[in-house]
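# An overview of the molecular structure
Residues per chain, in single letters:
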Amino acid sequence: MRRTAFAIARAGLALALAAPLAGLPAGARADATHPRTAPGGTPSTGTAAQGTAARGAAARGAVQPTPADVASTVNGIVPGMLAKDRIPGAAVVVVAGGRQVFTQGYGVADVNRRTPLDARSTGLFIGSMAKLFTATAALQLVDQGKLDLHTDVNRYLTGFRIRDTYPGRPVTLENLLTHTAGFDDDIVGTAEADPARVEPLGRNLAKRQPPRVRPPGTVVAYDNYGTALAGYLVEIASGEPFARYVDEHVLRPLGMTATTFAQPHPAAIDATLAHGYRPNGSGHTAEKGQYGSWSPTGAGAVSPPADMSRFMLAQLDNDPRLGRDVAKRMQQRHFAQDPRIPGMGYQFEERPRNGRRLLFKDGDVPGFHDQMALLPDEGIGIYVAFNGDGTDTVAGWDGVSLIDRLVDRYLPGRTAAAPAVRTGDVAKYAGTYRSVRTSHHALTKISTLVSSVSVRADGPGALTTTGLALDPAAATRHWTQVGPGLFQERNGQDLIAFDRKGILSASTTPAEAYEKLEWADSPALYLPMFGAGALVLLLCFLGIPVAALVRRLRHRPARSRASRAAWLAAWGTGALGTAFLAGFASLMTDSNALQEKIMLGSPSLTVLPVVLAVAFIPAAAVLAGTVAAWWKGWWGWSGRLSYTLIALAGVAFLKVALTYNLVALPFA
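Not measured: the values here are computed from a predicted model. (Residues numbered from 1 in each chain as written. Predicted model: local features only at pLDDT ≥ 70, side-chain atom pairs only at ≥ 80, totals over all residues. Heavy atoms only, no water.)

Turning to the nonpolar core, a few remarks are in order. Formed by 76 residues in total, the largest nonpolar core has its most connected members in Phe133, Leu173, Leu176, Leu229 and Met372. Not counting chain neighbours up to four residues away, the residues in contact with Met372 comprise Met129, Leu132, Met308, Phe311, Met312, Phe348, Leu359, Phe360, Lys361, Ile382, Tyr383 and Ile403. Phe580, Leu587, Leu605 and Tyr660 belong to the second largest nonpolar core, which has 33 residues in total. (Core = buried A, V, L, I, M, F, W, Y, C linked by side-chain atoms within 4.5 Å. Buried < 20%, exposed > 50% of the residue type's maximum accessible area, 1.4 Å probe, protein only. Contact = heavy atoms within 4.5 Å.)

This is how it looks when you write it as structure tokens:
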């Protein structure tokens, strides 16, 4: 699975780990003589295509990575990164010229036993990196005529059918492989802590089929359900369980014998498996939630980093063992939200750097994060993996940062003519934008209350954005217009584009687009409503009992039964609102733990929406009490105004809760 937008970062930095936790390199090898191995262990030398790529790289100013230089560079970065960001271990693999030139592990695979993380033998969960294998398997079956990229997937499904929400616009395999199927996003409860509890893929997909919220092929939105469905089509078309098909037709031909999609894992692989961690106080807590039914998306998939070098080499070589031109087709562009900026291959994302074509994929499950970058024209591949979330889930960015630094070293930018700058009015692009991946129905929508993208016009031809950066330290970015609706980062390489429908797309996130929000849908409206409502309900919960006690101690006249019932309803609304806020706050205190709770479906995520659903009962009584108070003249002006404020606070708070899917049915 990929990182969910619901993982909200905590403020502040934790103390760095002691040097022993980062550790000295474990299982270190910088190997210029370790060629890719064919089935049966037969070494395979570099091909003419790889030689051509290497010559092309040299001609374009690239420097071929050497084992010694890569070792020196990476060893100077990764140990400090692990210590600063509190990540137990990592592995880095680099391939170039048809060979694995660098493979090294750092830190530990188990913080209690201090087991070194060995890049050649330690198994790590690969998360959404598994989607590349799903695409490979699907294209193999397309070549065999058992699947078709442009046929309605319902032609293949037997146990259930995809709903015909948009007549004449069926979901196809092409849509599934490019994240354009249009399914709503809901990953709550998709994971399991125990692989023995994982239910069959098809049964789970039928049970968890999400609504279709946009016509297929129109907007890109990262989609785990869609990729899982593609894997199920592999099962149906091949007549084999997905894990077995991938093992026999993708992994074994490449010699990836220590990689598996099976759940539970083979005992030999489980014996090498690293633990994944999140920082906790001065130590670490082992995470759960890496298993699940959706193995085609990455649930349960495990590989030692060295095995991934075989897959990178096969991709760079367009290796026929993957299928005829399968790698080539995976790497070609098949969808772009805007044709002027990078788009999607089959699961690969185009993320060019330094004027060079770069294909990217990343993966994330609780406690494990990995990134892959392929530069096909230069014949270079880089793979980075971590067995820890890091402080404020920074591990994902750490991998991207390391890849960028390696690309900058070996494939420096080339001098190019500066693009023409346009200086027209850009005010029409200003506003608040939200990821189209945002769920329409799941409670994870609440993340957009604090994680939207803001676009501000800064004079002719200039924009400033916040919330549109992978680097957590670079939230604010500045852009200059270089074409109609097209902007380049000032002193940078990235691009953003706006289409005529108000969709914003960015070169850093080709698998995700952003829609412009009307004022009535903006977090700028809902966040103050939520905050003010929460404050009043909290004061109501605390203050009403105190006020009642004061009245009794002062021997004030007893209120009427109806009047007392009205205040009791107000206190009940405040109590339920406060209970929700306390539970909500406990979920938000640790962004790393939050990801695990979402994936596993924490009981809190079930109970809290029920609490708010129950709150509608006393809230309705408060509204009735407000009318009665003014009609009958209860409590004097100050009392009636205070009670009216409580009623308005309850309405505001519950309105936000309804809008952001925080209320359980039947009220939502």
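Moving on: the side chain of Glu489. Mapped onto the elements, Glu489 comes out in strand E20 (residues 486-489). Setting aside residues up to four positions removed in sequence, Glu489 forms contacts with Arg477, His478, Trp479 and Asp494. (Helix = DSSP H or I, 4+ residues; strand = E, 2+ residues; numbered from the N terminus.)

Turning to the packing of helix H15 (residues 561-588) against helix H17 (residues 603-632), a few remarks are in order. Relative to each other, H15 and H17 sit at 155°, their axes nearing to 8 Å. Classified by the interaxial angle, the pair formed by H15 and H17 is roughly antiparallel. In this structure, the crossing between H15 and H17 has a hand that is left-handed. Residues Ala566, Ala569, Ala570, Gly572, Thr573, Leu576, Ala579, Phe580, Gly583, Phe584 and Leu587 of H15 pack against Ser604, Leu605, Leu608, Val611, Leu612, Val614, Ala615, Pro618, Ala619, Ala621, Val622 and Gly625 of H17. (Axes fitted to C-alpha atoms, helices over the stretch in contact; angles between N-to-C directions. Parallel < 35°, antiparallel > 145°, perpendicular 65-115°, else oblique. Left-handed = near helix turned anticlockwise from the far one by under 90°.)

Attention now goes to empty space enclosed by the protein. Enumeration over the complete set of coordinates arrives at five cavities of 30 Å³ or more. Its boundaries defined by the atoms lining it, the largest cavity holds a volume of some 70 Å³. In this structure, the largest cavity is lined by eleven residues; those nearest its centre are Leu443, Phe584, Leu587, Leu605 and Leu662. Residue assignment for the lining of the largest cavity shows that the elements contributing at least two residues are H15 and H17. The element that contributes the greatest number of residues to the lining of the largest cavity is H15, accounting for four residues. Residue composition of the lining of the largest cavity, grouped by class: eleven nonpolar, no polar and no charged. (1 Å grid on protein atoms, 1.4 Å probe; cavity = no way out; pocket = protein on both sides within 12 Å on 5 of 7 lines; lining within 4 Å. Points joined across faces, edges and corners; volume = space filled by probe spheres on them. Nonpolar A, V, L, I, M, F, W, Y, C, P; charged D, E, K, R; others polar.)

On to the sheet that holds strand E23 (residues 513-516). With antiparallel pairing, the eight strands of this closed barrel are ordered in space as E16-E17-E18-E19-E20-E21-E22-E23. Strand-to-strand twist in this sheet, taken as the mean axis angle between neighbours without regard to direction, amounts to 30°. Of the pairings in the sheet, the one linking strand E21 (residues 495-498) to strand E22 (residues 503-506) comprises three bridges and is antiparallel in character. Bridge assignment links Ile496 to a residue of E22, and that residue is Ala506. (Pairing = 2+ DSSP bridges.)

When you tally the buried positions in strand E14 (residues 368-375), you get eight out of eight residues, the bulk of the element. Going residue by residue along E14, you find Phe368, Asp370, Met372 and Leu374 tucked away on one face and His369, Gln371, Ala373 and Leu375 tucked away on the opposite face as well. Pairing geometry for strand E13 (residues 359-365) and E14, over seven bridges, is antiparallel. Within the sheet, the bridge partner assigned to Leu359 lies in E14 and is Leu374. Between E13 and E14, which pair antiparallel in sequence order, lie two residues; one of them, Gly367, sits at a positive phi of approximately 90°. Joining the antiparallel neighbours E14 and strand E15 (residues 380-386) is a turn of four residues, in which Gly379 adopts a positive phi near 70°.

Moving on: a nonpolar patch on the surface. A cluster of nonpolar side chains, namely Val610, Val614 and Ile617, defines an oily patch on the protein surface of about 250 Å² accessible area. Looking at where Val614 falls in the secondary structure, it is placed in helix H17. (Patch = residues over 30% accessible without salt bridge, like charges linked within 9 Å, V, L, I, M, F, W, Y side chains within 5 Å. Areas by Shrake-Rupley, 256 points an atom, 1.4 Å probe, with all protein chains shown as cover. Salt bridge = Lys/Arg side-chain N within 4 Å of Asp/Glu carboxyl O.)

Another point: the packing of aromatic side chains. Any pair of aromatic rings gets described here by the distance separating the centres and the angle formed by the planes. In the structure shown here, the tally under the stated rule is 23 aromatic pairs. Relative to Tyr225, the ring of Phe183 has its centre 5.1 Å away and its plane inclined at 70°; by these criteria the two rings are edge-to-face. Pair noted here: Phe183 is in the loop between helix H6 (173-178) and strand E7 (191-192) and Tyr225 is in helix H8 (residues 224-238), with a separation of 42 residues, a long-range link. In this pair, the class of Phe183 matches that of Tyr225, namely buried. On the numbers, 5.3 Å between centres and 45° between planes, the contact of Trp634 with Trp635 is tilted. (Phe/Tyr/Trp six-rings, centres within 6.5 Å; stacked < 30°, edge-to-face > 60°.)

Turning to the environment of Ile269, a few remarks are in order. Positionally, Ile269 belongs in helix H10 (residues 267-270). Along the chain, Ile269 and Val302 lie 33 residues apart, while their C-alpha atoms are 8.3 Å from each other. Excluding residues within four positions of it along the chain, Ile269 makes contact with Ala258, Thr259, Thr260 and Val302.

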